[in-house]
Amino acid sequence: MTSSSLAFQPSEAVQRVERTSLRTAQPQSRGGLISLAMGEPDFATPPRIRMAAAQALEDGHTHYTDPQGDPELRAALAERVGGLKGSAVTPGQILVTHGGSAALAAAILAVVNPGDRVVFPDPTYSLYADLVNLAGGICVPVPLRPDLHWDLEALAEALHGAALFVFCNPSNPTGAVHTAEELAALADFTADSGTLVLADEAYSELVHTDAPFVSALQVPGLAERTLYCQTFSKSYAMTGWRLGYLAGPQEVIAAAARVHVTINGSANSAVQRAALTALNTADADISRMRQAYGARRTLMLDELSRVKGVHTRTPQGAFYAFPSYDASIRSADLVRHLREHGVAVRPGSEFGAAGEGHLRLSYAAAPKDIVEGVRRLGRGLAALT
Ligand code: PMP
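Fair warning: this is a prediction, and the values are worked out from it, not measured in the lab.

Thoughts on the site of the ligand
Next up, step 1: The local shell around the ligand holds 14 residues, among which Gly100, Ser101, Asp200, Thr231 and Ser233 are the closest.
Next up, step 2: With respect to the ligand, the side chain of Arg242 contributes an N or O atom lying 2.7 Å from an oxygen atom.
Next up, step 3: When the ligand is considered free in solution it has 400 Å² of accessible area, and contact with the protein chains removes 92% of it.
Next up, step 4: Per element, the largest residue contribution to the shell around the ligand is three residues, and it comes from helix 4 (residues 99-111).
Next up, step 5: Tallied by class, residues from the shell around the ligand come to five nonpolar, six polar and three charged.

Below you can see the structure in the form of structure tokens.
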């Protein structure tokens, strides 16, 4: 069948996303290129978790599961989320999803009506805007302050009448960890409103602050209106396994489950069994990887401090640095130029208009690649002037 005979137009929903999406496909890598562009751990999934999946297949976990998630996994997740929140959470308040991505999609499509305003920080993870546009909602990006934290005054203003606020903490792409004070302000701004909050805490185990990480679920006034989005991808190095979950008020979770079962069906049954093993046995693996990322963060900051015309705020979480640069060139053009110098990074503009003038570098890379990659970045920048 030739495509020329088809008078096909993608749906309006797809066209809205295509018109607005900032997500860029990564160009093909060629030999010798060092990539600091990836958004995933370079570690293999810990052996115990891999073995649990193989065993689950052997044990016959090859059928559909409960559409809302394997009951044993949901019970374990309810206990974990309840522990974080400090009050009981039932398995009915948990939805197991195909990665964090499907949890975000289920939440946004369950909550947002055409014309609804959805507020998020700018820059932020670019999937949020695409999902809001898919749902027909109106994106309201609120630029961050120069220190990459929330501009509370602008946020308070934008939140009036909003259906939803979406954010990630720690932040992709900035590496910022939002504080208890910022979260308390958010609770204040949304008090007595119908605004829901979608807290994407995908990187919550990858934090390098002295003070313990504060989840939105731990903040009085915020917890009750929070949809908590989590994934096994980052903390357990399980990106390819595609498992995440959503937790929140039962009626919202039921609506999100309707979306998820309609689009995805139940999650992979053997992977859900392996996830139980991850939850119950992999804390030491998480700390081992966190420590390695901590050392690589130091290494990257050290190297970046030697590059002229680049200014980096110390990232406190996730595995990204988000330096600004002095050169007057758009970040997408700079990224193209840097590839010619043998290093792949991401343009700040991919994460929102306010990300322009920045680059996102991942330190989930081998130490020698971090050193050589940042040196190539330095040489590339120097070649501009
Ligand atoms: N949230 C954030 C902030 C992310 O960076 C990512 C992955 N890049 C995800 C969610 C989704 O991850 P996954 O679908 O693999 O769980």
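Concerning the domain arrangement of the protein
Next up, step 1: Under the domain assignment used here, the protein contains domain 1 (3-45 + 284-384) and domain 2 (47-281).
Next up, step 2: Taking only C-alpha atoms, the centre of domain 1 and the centre of domain 2 are 23 Å apart.
Next up, step 3: Between domain 1 and domain 2, the contact holds 38 residues from the first and 42 residues from the second.
Next up, step 4: Carbon and sulfur atoms make up 56% of the surface buried where domain 1 meets domain 2, a total of about 3,300 Å² over both sides.
Next up, step 5: In this structure, the connection of domain 1 to domain 2 is made through two salt bridges.
Next up, step 6: When the shortest N-O distance is used, the salt bridge between Arg290 and Glu205 registers 3.4 Å.
Next up, step 7: Taken together, the connections running from domain 1 to domain 2 amount to 23 residue pairs in polar contact (both at pLDDT 80 or more).
Next up, step 8: Ranked by residues supplied to the side of domain 1 that touches domain 2, first place goes to helix 10 (residues 283-305) with seven residues.
Next up, step 9: Among the residues making up the side of domain 1 that touches domain 2, the classes are represented as 19 nonpolar, ten polar and nine charged.

Points about the sheet that holds strand 14 (residues 359-362)
Next up, step 1: Reading across the sheet, the three strands line up as 10-14-13 and stay open at both edges, with antiparallel pairing between neighbours. Edge positions in the sheet fall to strand 10 (320-321) and strand 13 (346-347), since each has one partner strand and no second.

Brief notes about the packing of aromatic side chains
Next up, step 1: Inspection of the entire model under this criterion finds twelve aromatic pairs.
Next up, step 2: Geometrically, the ring pair formed by Trp150 and Phe167 is edge-to-face, given 5.2 Å between the ring centres and 90 degrees between the ring planes. Highlighted residues: Trp150 in the loop between strand 4 (138-143) and helix 6 (152-159) and Phe167 in strand 5 (residues 164-168), separated in sequence by 17 residues.
Next up, step 3: Its relative accessible area of 3% is what places Trp150 among the buried residues.
Next up, step 4: Taking relative accessible area as the criterion, Phe167 reaches 1% and is therefore assigned buried.
Next up, step 5: Ring centres of Tyr203 and Tyr320 lie 5.7 Å apart, and the angle between their planes is 75 degrees; this geometry places the pair in the edge-to-face category. Here Tyr203, found in the loop between strand 6 (196-200) and strand 7 (226-231), pairs with Tyr320, found in strand 10; they are 117 residues apart in sequence, far enough to count as distant.
Next up, step 6: The class for Tyr320 is buried, based on a relative accessible area of 0%.
Next up, step 7: Through pairs of rings, three or more aromatic residues link up here, namely Phe43, Tyr203, Tyr293, Phe319 and Tyr320.

Conventions used here
- Residues numbered from 1 in each chain as written.
- Predicted model: local features only at pLDDT ≥ 70, side-chain atom pairs only at ≥ 80, totals over all residues.
- Heavy atoms only, no water.
- Near = heavy atom within 4 Å.
- Polar contact = N/O pair within 3.5 Å; in protein donor to acceptor, adjacent residues only side chain to side chain.
- Areas by Shrake-Rupley, 256 points an atom, 1.4 Å probe, with all protein chains shown as cover.
- Helix = DSSP H or I, 4+ residues; strand = E, 2+ residues; numbered from the N terminus.
- Nonpolar A, V, L, I, M, F, W, Y, C, P; charged D, E, K, R; others polar.
- Domains from an automatic or database assignment.
- Contact = heavy atoms within 4.5 Å.
- Buried area = accessible area lost by both parts, 1.4 Å probe.
- Salt bridge = Lys/Arg side-chain N within 4 Å of Asp/Glu carboxyl O.
- Pairing = 2+ DSSP bridges.
- Phe/Tyr/Trp six-rings, centres within 6.5 Å; stacked < 30°, edge-to-face > 60°.
- Buried < 20%, exposed > 50% of the residue type's maximum accessible area, 1.4 Å probe, protein only.

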